[in-house]
Every structure is written in structure tokens, then in C-alpha cells.
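Understanding the architecture of this molecule
This is what each chain is made of:
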Amino acid sequence: MRLTIVTGASRGLGAALADALLEPGQRLICLARSPLPELAQRAKDQGCALDLLRVDLADPAAAASVLENHLSHIAGGGIVEARLINNAGTAVPVGPAHKLPATAVAESVAVNLAAPIALTAAFLRATGDWSADRKILNISSGAAHTAYPGWSVYCATKAGLDQFSRCLALEQRDLARGARIVSLAPGVIDTDMQTSIRAAAPGDFPAQPRFLALKASGQLAAPASAALRILAYMERSDFGARTVADLRDAD
Ligand SMILES: NC(=O)c1ccc[n+]([C@@H]2O[C@H](COP(=O)([O-])OP(=O)(O)OC[C@H]3O[C@@H](n4cnc5c(N)ncnc54)[C@H](OP(=O)(O)O)[C@@H]3O)[C@@H](O)[C@H]2O)c1
């Protein structure tokens, strides 16, 4: 059996990833703030075991504790592959740094950076004596490498996620059953996150015309097709060979 953990399964890319993972014989663990009854029904219809953990990733310590406790009750023996996909993220707050409220900054850093780190640590501890092949995929962004005025927190947290992934990959590389890790920029996807960027006050986000043009020219990927490409990337035999990668360069 293959076990996959997905954060942010309520909407956008995470919902598409969860849908694509609903296969008989899979075990899917979704971390979300809301109950997701439709996903639960589809999992039942597909014969896929679904565990929904209700957590708010703005509290990374609590979320990681819930995940670690849940995994500690799962017998690792029958699991051939265990995967953690840190997908949940937020593009707010948007605006010049001197205007950003401290609470919004702290929440964004928690969701985009501290939670993936804490969940990764929990995953590695809880699965440490499993014989399963272990993979961790962090959903990053081109914003980790390109600086956008008005998007300093998002850019900084995604850059942090990439650098965390590099450090972790070096830690795991020489272990007997070390996990493989990739921080992957998925390209531009037609989700609520893009809608919110297009709706930002133009003065707060000078790069907005670029994102309006991408939408107008039909260059946003559908969440379902992006999810399939990401899952195919996770299947590659060389997964982890390159720690920081971009799905747009993957073919
Ligand atoms: N869309 C793009 O063009 C694009 C490009 C590059 C990278 N990405 C990355 O792809 C990932 C998915 O983005 P998306 O486009 O699918 O965004 P989205 O449509 O805005 O969905 C964000 C997801 O994150 C969850 N989330 C946010 N805050 C949370 C919290 N405090 N606790 C638990 N869950 C929380 C949301 O849950 P709720 O429903 O509870 O809010 C939702 O499921 C993100 O990491 C994003 O940075 C997206």
C-alpha cells in the first residue's frame, strides 16, 4: 500500500492532488481546516482509505503533533511508499513591507514555512522505523527565485522552503533509509490564489499586469493537469536527484 499525506486539500492544487490520489489500495491523509465531505464520499466510492485531519497550519506545532500522533497509530509494515506533500500555502499579505500587519506576516510565515518544516519533522520521526520508501514534496514557487515588490513575505517563505529542502536533502542523503526531498515550483495554476493576486490593489502589487496577461492569454494550467504532472514527477526514478526544481523544466 502507498500512503500519501496532502496539506491544503480543500481547494485549488491540493484538492486536485487529493482527487488524483483516490485510487483503490491507496491510503490518503488530508490535512485541512474544513471537513471535506465530498472528498470523503469520493474516497468511499473509489475504495480509497481517507483520513481527514482537521488542523489549522497557522499553528504548526499543533498541526505537527496531530500528524505525528496519527501516524504513530499506523502499522508501517504493509506500506511500500510513504509520501508527504506540503502543498497548503497563502499568497497574502500583499503590499509593501512597511504596510504589512504583523499578525498577517506571522500567519503567512507559519503556513508557508514553519508548518511544512514541522510536518516534515513529524513525518520523518513517525515513519523512522518503517521500511517504506519515503518522499517529501514541498510545493514551492518561481517566487522563491524572482523578487516581486509587494510580495516580500510570499517570496521569502518560498525561498526559505527551498533552502530548508536543500539542508534536509543533505541530512538524509547518507542515511540508510533516508527520505528523498524535492521543492518543486509548479508553474502558474488557475486557482483562488491567482484570483486573489489579480484582485490585489494594483499599487500594492506592481507585477499584477503580468498575472492579468497570463490569465487573459490562457496560460494558467488547470489544477487537475498540474496535479497529474506533479504526481508523475513524484514517480520519476530520479526523484530527489535535484532538490530544487521547476515543473516547467521537467519534461
Ligand atoms: N496557483 C498558482 O499559480 C501557484 C503558483 C506557484 C505556487 N503555488 C503554490 O501551490 C500551493 C497551492 O496553491 P493554490 O494555488 O492551490 O492555492 P489556493 O487555491 O489559495 O489554496 C490554498 C490551500 O491552502 C490551504 N490553507 C491556507 N491557509 C491554511 C491554514 N492556515 N491551514 C490549513 N490550510 C490552509 C487552503 O485551505 P482553506 O480552504 O482552509 O483556506 C487551501 O486548501 C501553494 O503552496 C502555492 O504557494 C501556486
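Model, not experiment: these values are computed from the prediction. (Residues numbered from 1 in each chain as written. Predicted model: local features only at pLDDT ≥ 70, side-chain atom pairs only at ≥ 80, totals over all residues. Heavy atoms only, no water.)

A word on the environment of leucine 17
This is how it is decided: Comment: elements are numbered from the N terminus, with helices defined as DSSP H or I runs of at least four residues and strands as E runs of at least two. Burial here depends on accessible area, computed with a 1.4 Å probe over protein chains only, as a share of the maximum for the residue type. Under 20% is buried, over 50% is exposed, and the range in between is partly exposed. Throughout, a contact is declared for two residues whenever any of their heavy atoms are within 4.5 Å.
Turning to its location among the elements, leucine 17 is positioned in helix α1 (residues 12-20). You can call leucine 17 buried: its relative accessible area is 0%. Note: C-alpha distance between leucine 17 and arginine 166 (149 residues apart in sequence) is 24 Å. Leave out the neighbours within four places in its chain, and leucine 17 touches Val6, Ile85, Asn87, Ala227, Ile230 and Leu231.

Describing the sheet that holds strand β4 (residues 81-86)
We count it as follows: DSSP bridges decide pairing: two strands pair if at least two such bridges lie between them. Between N-to-C directions, angles cover 0 to 180 degrees, with each direction set by a line fitted to C-alpha atoms, over the stretch in contact for helices.
Spatial strand order, β3-β2-β1-β4-β5-β6-β7: seven strands in an open sheet with parallel pairing. Each edge of the open sheet carries a strand with a single partner, namely β3 (49-54) and β7 (244-246). For this sheet the average axis-to-axis angle between neighbouring strands, irrespective of direction, equals 20°. Sheet topology note: the strand β1 (residues 2-7)/β4 ladder contains five bridges and is parallel. Note on β4: the bridge partner recorded for valine 6 is isoleucine 85. The sheet contacts of α1 involve β1, β2 (26-32), β4 and β5 (133-139), and relative to β1 the element is tilted by about 165°.

As for the packing of aromatic side chains
The line we're drawing: Any two of the Phe, Tyr and Trp rings considered here, Trp counted by its six-membered ring, make a pair once their centres fall within 6.5 Å; the pair's planes then place it as stacked at under 30 degrees, edge-to-face at over 60, or tilted in between.
The full count for this structure, using the stated rule, is eight aromatic pairs. The interplanar angle of 65° and the centroid separation of 5.0 Å between the aromatic rings of tryptophan 151 and phenylalanine 205 together place this pair among those described as edge-to-face. Of this pair, tryptophan 151 sits in the loop between β5 and α5 (152-173) while phenylalanine 205 sits in the loop between α6 (192-199) and α7 (208-216), and the two are 54 residues apart along the sequence. Considered together, tryptophan 151 and phenylalanine 205 belong to a single accessibility category, that of buried residues. Between the aromatic rings of tyrosine 233 and phenylalanine 239, the centroid separation amounts to 6.1 Å while the plane-to-plane angle is 75°, which identifies the pairing as edge-to-face. Of the two residues, tyrosine 233 and phenylalanine 239, neither departs from the other in class, the shared state being buried.

Considerations on the site of the ligand
Using the following cut-off: Only a single heavy atom is needed: when it lies within 4 Å of a molecule or strand, its residue is near that molecule or strand. In the analysis that follows, any N or O atom pair within 3.5 Å is treated as a polar contact, provided that within protein one partner can donate a hydrogen and the other can accept it, and provided that, for residues neighboring in sequence, both atoms belong to side chains. Each accessible area is a Shrake-Rupley estimate made with a 1.4 Å probe; only the visible protein chains count as cover when residues are assessed. The classification used treats Ala, Val, Leu, Ile, Met, Phe, Trp, Tyr, Cys and Pro as nonpolar, Asp, Glu, Lys and Arg as charged, and all other residues, Gly among them, as polar.
In the vicinity of the ligand there are 27 residues, among which Ser10, Arg33, Asn87, Tyr154 and Thr191 approach most closely. Within the side chain of tyrosine 154, a nitrogen or oxygen atom sits 2.6 Å from an oxygen atom of the ligand. Protein coverage of the free-state accessible area of the ligand, which is 890 Å², stands at 93%. Elements with a contribution of two residues or more to the shell around the ligand: α1, α5 and α6. The greatest single-element share of the shell around the ligand, amounting to three residues, is contributed by α6. In terms of residue class, the shell around the ligand is built from 12 nonpolar, 10 polar and five charged.

Side note on the pairing of β4
For the record, the criterion: By definition, the crossover connecting two strands over a helix is right-handed if that path, from the first strand to the second, turns clockwise as seen with the strands pointing away from the viewer.
Among the six residues in β4, six count as buried, and that is most of the element. Relative to β5, β4 is paired through six bridges, and the arrangement is parallel. Counterpart to asparagine 86 in the pairing with β5 is asparagine 138. As for the winding sense of the linkage, the β-α-β connection from β4 through helix α4 (residues 102-126) to β5 is right-handed.

Regarding the packing of α6 against α7
The line we're drawing: Any angle that falls under 35 degrees is termed roughly parallel, while one over 145 is termed roughly antiparallel, one within 65 to 115 roughly perpendicular, and all others oblique. Here a crossing is taken to be left-handed if its near helix is turned anticlockwise relative to the far helix by less than a right angle, and right-handed if that turn runs clockwise.
Running from N to C, α6 and α7 cross one another at 130°; their axes reach a closest spacing of 9 Å. Relative to α7, α6 is oriented oblique. Remark: the crossing between α6 and α7 carries left-handed chirality. On α7, the residues touching Gln194, Ile197, Arg198 and Ala199 of α6 are Gln208, Phe211, Leu212 and Lys215. Taken together, the residues of the contact of α6 with α7 break down into four nonpolar, two polar and two charged.

Re the pattern of salt bridges
Pairs can form between side chains of opposite charge once their charged atoms are near each other. Put simply, the rule is: A carboxyl oxygen of Asp or Glu within 4 Å of a side-chain nitrogen of Lys or Arg is what we treat as a salt bridge.
Evaluation of the coordinates by the stated rule reveals 15 salt bridges. Of the charged contacts in the structure, one is a salt bridge between glutamate 68 and arginine 125, with a shortest N-O distance of 2.9 Å. Here the residue glutamate 68 occupies a position in helix α3 (residues 60-72), and arginine 125 occupies one in helix α4, the gap between them amounting to 57 residues.

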